[in-house]
Amino acid sequence: THAYFSPGRVNLIGEHTDYNGGHVFPCAISLGTYALVAPRTDGVSRLYSMNLPEQGVVEFPMHGAVKTDAYGWANYPIGVVRMMEDAGHAAAHGFDILFYGNLPNGAGLSSSASIEVLMAVILNDELGLGIDMVELVKLAQKAENIFVGMNCGIMDQFAVGMGKKDCAILLDCNTLAYRYSKLDLKGCSIVITNTNKAHSLVTSAYNERRMQSEAALKALQKVKAIQSLGELTDAEFDENAAVIEDEVERRRARHAVYENRRTLEAVDALEKNDVKRFGALMNDSHVSLRDDYEVTGPELDTLAELAWQQEGVLGSRMTGGGFAGCTVSIVRDEAIPAFEKNVAEAYTAKIGYAPSFYVANIADGARR
Ligand code: GLA
């Protein structure tokens, strides 16, 4: 048997910009998904998750697998098998795979991208396919788009596959050009706070945001020769925004354009050791996601607002797709205990249940 690991990710800034052709700035974290893999001689695979024992062993054929409700969580790795096959990398035999994850599920830390990229790495390695990581990342995203039916961008799979210890990744989602930026937070840490809100209807709301952004792009294309919203400056957007007739679509597009600029500005600030400016841009990002993109909700807003009031917090915002899931905050190390205590108390009093905290370790991407 061989052991594999694939991380989750936290996005520091650049939210809902990936499918709008903008930039993102995520990093892989040390929480993630583990797998033990043993090859079989027949054409069947059997998967078991230690996190979901009630679902038992999921068995499926390595050729022509289709999405089935009964597969449950296993649709993510099975989707990867199918996308690999469709890309010409059919497996000659199956595997027995035991999964264990320590990422909170559905918390916006990419538990799905983590298991997808993990499966892609397993197949690549076990079958000796020699596919490079960026291609595996694209196949994993395809599994989520086509097989699972969530129309996500490339950020999560990219961060999970290409992550590097102590670095965030500045990725141009238009070209997939990327570079690593060493994270030196000057005595601060990245604190992830989970709303612990149950995830539901997130996929439909996400796909709807995507459609609204695309409609806004179509309107702008009548007056601007652009392929994506990520190509516009704030000023170019403001000058032309009136061609977007629908007020909601106009706000969606404004978020995408401004957030892309904020992301580039934030990376620049961080690389000039201006963590304070970086944090202020994170706060602006949250406000824009709340008011223009409308993907926050009372739980995420409460966490962000509470964080902004705490001593030693440089910035705080929702991270990931939104609606539920987590915030990400930059907190001075000595202020973390008081931060956790105060935020937990006030959040619980207002929302009715407690949040959870994780101090993030920035880790390497998926690997054997
Ligand atoms: C989800 C998607 C990503 C990205 C974020 C929002 O995590 O999977 O592709 O769009 O939401 O930034």
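Source: prediction; values computed, not measured.

Draft legend 1. Molecular detail of the overall build of the chain. Looking only at helices and strands, the chain features 10 helices and 12 strands. Taking 21 Å as the expected radius of gyration for a compact globule of 368 residues, we find that the chain reaches 20 Å, a close match to that expectation. Overall, the C-alpha framework of the chain stretches about 60 × 55 × 40 Å when taken along its three principal axes. If you take every contact in the chain between residues at least 6 apart in sequence, the share linking residues at least 24 apart comes to 70%. Of note, the chain has its 34 positive side-chain charges centred 2 Å away from the centre of its 48 negative side-chain charges.

Draft legend 2. Up close: the UniProt feature "binding site: ATP" (unreviewed entry) in the chain. With numbering matched to this structure, UniProt assigns "binding site: ATP" (unreviewed entry) to S49, G106, A107, G108, L109, S110, S111 and S112. Set against the largest pocket, the annotated residues that line it come down to S49, G106, A107, G108, L109, S110, S111 and S112. Tracing the sequence through the fold places G106 in the loop between β6 (95–101) and α2 (111–126). The class for G106 is partly exposed, based on a relative accessible area of 30%. Non-local contacts of G106, meaning those with residues more than four positions away in its chain, are made with S111 and H199. Structurally, the position occupied by S110 is in the loop between β6 and α2. Looking at S110, the relative accessible area reads 6%, which means it is buried. Once you skip the residues sitting within four places of it in the chain, S110 turns out to touch R9, L103, D156 and V160. Separated by 3.3 Å, the side chains of S110 and R9 make a polar contact.

Draft legend 3. Just the packing of helix α9 (residues 298–309) against helix α10 (residues 336–351), in detail. At a minimum axis distance of 10 Å, the contact between α9 and α10 shows a crossing angle of 145°. For the pair α9 and α10, the sense of crossing is right-handed. Here α9 contributes P298, E299, T302, L303, L306 and A307 to the contact with α10, which in turn contributes F339, V343, A346, Y347, K350 and I351. Considered class by class, the residues forming the contact of α9 with α10 number nine nonpolar, one polar and two charged.

Draft legend 4. A look at empty space enclosed by the protein. Per the counting criterion, the structure on display carries one cavity of 30 Å³ or more. For the largest cavity, the calculated volume is near 30 Å³. Every residue lining the largest cavity is listed: M62, V81, M84, H89, A91, L123 and L127. Classifying every residue of the lining of the largest cavity gives six nonpolar, one polar and no charged.

Draft legend 5. Focus on the sheet that holds strand β3 (residues 26–39). Ordered in space as β1-β3-β6-β4-β5, the five strands form an open sheet in which the pairing is mixed. Of all strands in the sheet, those bounded by a partner on one side alone are β1 (2–11) and β5 (58–61). Taken pair by pair, the neighbouring strands of this sheet meet at an average axis angle of 25°, ignoring direction. In terms of strand pairing, strand β4 (residues 44–49) meets β5 through four bridges, oriented antiparallel. Looking across to β5, one finds that V44 is bridged to P61. Those strands touched by helix α4 (residues 155–162) are β1 and β3, and its axis lies near 130° from that of β1.

Draft legend 6. The side chain of S189, seen in detail. Within the fold, S189 resides in strand β9 (residues 188–194). In this structure the side chain of S189 is engaged in a polar contact, spanning 2.5 Å, whose partner is the side chain of D333.

Reading the values: the criteria
Residues numbered from 1 in each chain as written. Predicted model: local features only at pLDDT ≥ 70, side-chain atom pairs only at ≥ 80, totals over all residues. Heavy atoms only, no water. Helix = DSSP H or I, 4+ residues; strand = E, 2+ residues; numbered from the N terminus. Rg over C-alpha atoms; globule rule 2.2 N^0.38 Å. Contact = heavy atoms within 4.5 Å. Lys, Arg positive; Asp, Glu negative; His and termini not counted. Charge placed at Lys NZ, Arg CZ, Asp CG, Glu CD. UniProt positions renumbered as here; feature names shortened; annotations may be inferred. 1 Å grid on protein atoms, 1.4 Å probe; cavity = no way out; pocket = protein on both sides within 12 Å on 5 of 7 lines; lining within 4 Å. Buried < 20%, exposed > 50% of the residue type's maximum accessible area, 1.4 Å probe, protein only. Polar contact = N/O pair within 3.5 Å; in protein donor to acceptor, adjacent residues only side chain to side chain. Axes fitted to C-alpha atoms, helices over the stretch in contact; angles between N-to-C directions. Left-handed = near helix turned anticlockwise from the far one by under 90°. Nonpolar A, V, L, I, M, F, W, Y, C, P; charged D, E, K, R; others polar. Points joined across faces, edges and corners; volume = space filled by probe spheres on them. Pairing = 2+ DSSP bridges.

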